Amino acid sequence: MTPGYHRPTVLKIKLENITKNVSNHKKMLNNEKIFAVIKANAYGHGAIPVAKAALEGGAEGFCVALLDEALELRRHGFLEPILVLNMVDALYLPLAAENNISITCGNEEWLEEALHFLKNNPLNNPVKLHLKIDSGMGRIGFFTKESLQEAYEKIQQAPSLFLEGIFTHFSTADEKDETYFNEQLEKFTQLLDVLPELPEYVHSSNSATSLWHKAGVGNLVRLGISMYGLNPSGKTLTLPFPLAPALSLESSLIQVKKVPKGTGVGYGKTYVTKKEEWIGTVPIGYADGWQRKMSGFSVLVKGKKCEIVGRVCMDQCMIRLPEEVSLGEKVTLIGKNSGEEITLQEVADHLETIHYEVACLLSDRLNRVYE
Ligand SMILES: *Cc1c(COP(=O)(O)O)cnc(C)c1O
């Protein structure tokens, strides 16, 4: 989808805030490295500009979810270590190796397939692997000591494989109750003990773990959401230092009209004016990731909250203005406007989801402008 360059709706990304969030996080760490997690187009913020900003803040590598996301970084000249947090079809291991991209090995079956493929297609430079431990998340990862030990030995013996790291992921690091976190930590530590020697990178911390669990094991932090200035726990836990959100979403009024009482607004005529009202049209809709469920939420015009009335259309939505406002007046959907602010958290609350999801769903049609 082509971004809309010639329209007033823009997603503004303050890169200096990303740099600041990373460097402030770095100050909090002992000696751990930071790998910036920039999967899913950097949580909707734009992978390439965010990658640069993260390096300026002190990140020393990247994590992504797909091989293609890693290749995009290499194409743009990034030479830092990159870890793909998911498994990659064995067929693409030569591509990963050629581009010095590290891959996750999360189970015996994958390893068998990789070994089988590599026997017929040996590599000049081995592909770097990180072993994933399932310490309680219940998704990819080795679950037992025996399977981990066996995998370790097979990797040691395979000339086309090189063990670069081992890691796990916590499922409740953003919650007040630490019981399950500690169980996972214990399991990870026990599984690490199985290995005769630890690889270069041992890692278990995402943003939440790093912010609230100093005890998290490892020498590397996979820093995602908090780099973008968002509290990983939503509203549950207090941040140890302030984060600066990087993203704001702005548009402007393309139509303003005074309508009489009883006027229908939007598909299905779900909103009918209760008296004479000022109705404004904003050129953003669900195709931009501004979902139909946003109906009933508010946007900011001249520092005042204005309700989204009627159904959100694919490309437009309508708002009720408190008074006549000039055409072209700025509309803030996320961010600050004349001292008032609407946060991604508030949007997420309205949608009954988490800010991660809201940010990721802001579509490619939105023009991302960096400042
Ligand atoms: C996405 C992801 C992260 C980043 O998590 P945040 O909560 O955004 O910091 C870290 N590790 C893994 C395995 C992930 O999938």
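Residues numbered from 1 in each chain as written. Predicted model: local features only at pLDDT ≥ 70, side-chain atom pairs only at ≥ 80, totals over all residues. Heavy atoms only, no water.

Counted under the stated rule, the structure contains 13 salt bridges. A salt bridge links glutamate 276 to lysine 258; its shortest N-O distance comes to 3.9 Å. Of this pair, glutamate 276 sits in the loop between β13 (271–272) and β14 (277–282) while lysine 258 sits in strand β11 (residues 255–259), and the two are 18 residues apart along the sequence. Among the residues examined, glutamate 276 registers a relative accessible area of 51% and is labelled exposed. Across the pair lysine 304 and glutamate 323 runs a salt bridge whose closest N-O atoms are separated by 3.6 Å. Taken together, the residues lysine 304 in strand β16 (residues 304–309) and glutamate 323 in the loop between β17 (317–321) and β18 (330–337) connect sequence positions 19 residues apart. Using a relative accessible area of 40% as the deciding quantity, one classes lysine 304 as partly exposed. Via salt bridges that share partners, Arg7, Asp288, Asp315 and Arg365 belong to a single interconnected network. (Salt bridge = Lys/Arg side-chain N within 4 Å of Asp/Glu carboxyl O. Helix = DSSP H or I, 4+ residues; strand = E, 2+ residues; numbered from the N terminus. Buried < 20%, exposed > 50% of the residue type's maximum accessible area, 1.4 Å probe, protein only.)

So, about the site of the ligand. All residues adjacent to the ligand are Val37, Lys39, Tyr43, Leu85, Arg139, His169, Asn206, Ser207, Arg222, Gly224, Ile225 and Tyr356. Contacts to the ligand include arginine 139, whose side-chain N or O atom sits 3.4 Å from an oxygen atom. A distance of 3.4 Å is found between a nitrogen atom of the ligand and a side-chain nitrogen or oxygen belonging to histidine 169. Burial of the ligand by the protein amounts to 92% of the accessible area it has alone, namely 390 Å². Looking at the shell around the ligand residue by residue, the class counts come to five nonpolar, four polar and three charged. (Near = heavy atom within 4 Å. Polar contact = N/O pair within 3.5 Å; in protein donor to acceptor, adjacent residues only side chain to side chain. Areas by Shrake-Rupley, 256 points an atom, 1.4 Å probe, with all protein chains shown as cover. Nonpolar A, V, L, I, M, F, W, Y, C, P; charged D, E, K, R; others polar.)

Read around the closed barrel, eight strands run β2-β3-β4-β5-β6-β7-β8-β9, paired in parallel fashion. Each adjacent strand pair in this sheet contributes to an overall mean axis angle of 30 degrees, direction not counted. Inspection of the sheet shows strand β8 (residues 201–205) paired to strand β9 (residues 220–223) by two bridges, in the parallel sense. In the sheet register, serine 205 faces β9, and the bridge partner there is valine 221. Contacts from helix α4 (residues 67–75) reach β3 (61–64), β4 (82–84) and β5 (102–105), with the element oriented near 165 degrees to β4. (Pairing = 2+ DSSP bridges. Axes fitted to C-alpha atoms, helices over the stretch in contact; angles between N-to-C directions. Contact = heavy atoms within 4.5 Å.)

Function cannot be inferred from these measures alone, as they are strictly geometric.
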